[in-house]
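Examination of the molecular architecture
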Amino acid sequence: MAQRIAVIAGDGIGTEVMPEGVRALEAAAKRFNLDLDFHTFDFGSCDYYLEHGQMLPNDWFEQLKGFDALFYGAVGWPDTVPDHISLWGSLLQFRRQFDQYINLRPCKLMPGIKSPLAGREPGDIDFYVVRENTEGEYSSVGGKMFEGTEREVVMQETVMTRTGVDRVLKYAFDLAQTRPRKKLTSATKSNGISITMPYWDERVAEMAKQYPDVAVDKFHIDILTANFVLHPDWFDVVVGSNLFGDILSDLGPACTGTIGIAPSANINPEGNFPSLFEPVHGSAPDIAGKGIANPIGQIWSGAMMLEHLGHQDAAKAMVDAIEAVLAEGDADVLTRDIGGQGTTESLGKAIAERIGS
Ligand code: GGG
């Protein structure tokens, strides 16, 4: 039976990298005889908002809930729609309503790409960031008082539930157990954030008792970001709250040369709802419309989607193809962020051809 995939390109470079993501998936489907059925939606974008006054139609949940996976591009076009409206109106709705409580973000230095960190070679940087994806600092609990006056008050609460914290920690510990180094690092800030973060630390310590074979350490987020730059080889699986995980999963790929190649999976591990796969990068208005965005983050996210859908061989072929094209280093093919003078399409086509061969 066909596996149904909802394709939502979103905004900015999302609309440019998405066709290359689909091209690569079609190449994998052809080679591995997969029956993938793509359905394209125009909602989840700022253009849709400008036309309809909302990012998603009222029945979006009904329209999408039966899909096997969602393939997303990027959201945001701050010139026309404030970022908090576009994000809360689309991506955060998917993550919350489909209970995609894991945001899994691999961070790997690929062959042929020069890390901005001196002396780092492929193999030196290879870790996962596991980001809590449905609560934490991304909460809608708060409000404003005396708006527009001298007495203006603005508050927003961090929300941590035992269920929410434990389930992301369990996922991260399980993942660490599958890795050769079996190492887990927790991002905290329990010296300054004196209620939620000590709670996070307590739950980490409690969970660690069930995983005696996993080596656990923790760092405050400030020194942890410094150590990402100074010692990226220290890390294997890094788990963090929604905000900390978001920051770390931009910084990690930046240490591997470009955020343009970084993929992510927003996972509902129980499979009650579709999971969502998207590049880590956003809509990048500064380069949108130029055809120069790196499509690898989208293509690699497609590989994570195939893996999630049970097609390990096809997923591996996609990642192998990315590595092969990067290692070849043809400047006419590669995009500018990785030292070439090619286009989104030239890089996407080269990877798709490699997948098919
Ligand atoms: N493809 C990812 C994307 O569009 N990100 C926009 C953004 O601002 N995301 C914030 C977040 O992931 O929480």
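Conventions adopted
- Residue positions within a chain follow its written sequence, with the count starting from 1.
- It should be noted that, the model being predicted, local features are given only for residues of pLDDT at least 70 and side-chain atom pairs only at 80 or more, the latter also being counted only at that level, while totals for whole chains, interfaces and linings use all residues.
- Nearness is defined per residue: the C-beta atom, placed using the backbone, must lie within 6 Å of the molecule or strand.
- Each residue receives one of three labels: charged for Asp, Glu, Lys and Arg, nonpolar for Ala, Val, Leu, Ile, Met, Phe, Trp, Tyr, Cys and Pro, and polar for the others, Gly being one of them.
- One requirement defines pairing of two strands: DSSP has to find at least two bridges between them.
- Counting from the N terminus, the helices are the DSSP runs of H or I reaching at least four residues and the strands are the DSSP runs of E reaching at least two.
- For helices, the fitted line uses only the C-alpha atoms of the stretch in contact; every axis is such a line through C-alpha atoms, and the angle between N-to-C directions lies from 0 to 180 degrees.
- Neighbour counting defines burial: a residue surrounded by 20 or more other C-beta atoms within 10 Å of its own C-beta is buried, one with 12 or fewer is exposed, and intermediate counts give partly exposed, using backbone-placed C-beta atoms.
- We call two residues in contact if the C-beta atoms placed from their backbones are at most 7 Å apart.
- A domain assignment, automatic or from a database, supplies the domain bounds used here.
- Here the word oblique covers every angle except those under 35 degrees (roughly parallel), over 145 (roughly antiparallel) and from 65 to 115 (roughly perpendicular).
- The handedness criterion is simple: a crossing whose near helix is rotated anticlockwise from the far helix by less than a right angle is left-handed, and one whose near helix is rotated clockwise is right-handed.

Moving on: the site of the ligand. Every residue lining the ligand is accounted for by Ala74, Val75, Gly76, Leu87, Asp246, Glu278, Pro279, His281, Gly282 and Ser283. Grouping the constituent residues of the shell around the ligand by class yields four nonpolar, four polar and two charged.

As summarised here, the arrangement of the 10 strands in space is S2-S1-S3-S12-S11-S4-S5-S10-S8-S9, forming an open sheet in which the pairing is mixed. Every interior strand has two partners, whereas the edge strands, strand S2 (36-41) and strand S9 (215-220), have only one. When strand polarity is set aside, the average angle formed by the axes of neighbouring strands in this sheet is 20°. Both strand S4 (residues 102-108) and strand S11 (residues 263-267) contribute to a ladder of three bridges, which runs antiparallel.

As for its position among the elements, leucine 91 is in helix H5 (residues 91-97). Here leucine 91 falls in the buried class, since 23 other C-beta atoms lie within 10 Å of it. Measuring from C-alpha to C-alpha, the distance between leucine 91 and phenylalanine 38 comes to 19 Å, with 53 residues separating the pair along the chain. Non-local contacts of leucine 91, meaning those with residues more than four positions away in its chain, are made with Tyr72 and Val75.

A word on the domain arrangement of the protein chain. In terms of domain boundaries, the protein chain breaks down into domain 1 (1-106 + 258-357) and domain 2 (126-255). Here domain 1 and domain 2 have C-alpha centroids that lie 25 Å from each other. Every contact between the two is made by 18 residues of domain 1 and, on the other side, 17 residues of domain 2. Listing elements by their share of the side of domain 1 that touches domain 2, those giving two or more residues are H5 and S4. Per-element tally for the side of domain 1 that touches domain 2: the top contributor is S4, with five residues. Residues of the side of domain 1 that touches domain 2, tallied by class, amount to 10 nonpolar, four polar and four charged.

Interaxial distance between helix H11 (residues 312-328) and helix H12 (residues 344-356) falls to 8 Å at its minimum, and their mutual angle equals 125°. What the angle tells us is that H11 and H12 run oblique. Of the two possible hands of crossing, H11 and H12 adopt the one that is right-handed. The residues of H12 that touch H11, namely those facing Ala317, Met318, Ala321, Ile322, Ala324 and Val325, are Ala350, Ile351, Arg354 and Ile355. Its residues assigned to classes, the contact of H11 with H12 comprises nine nonpolar, no polar and one charged.

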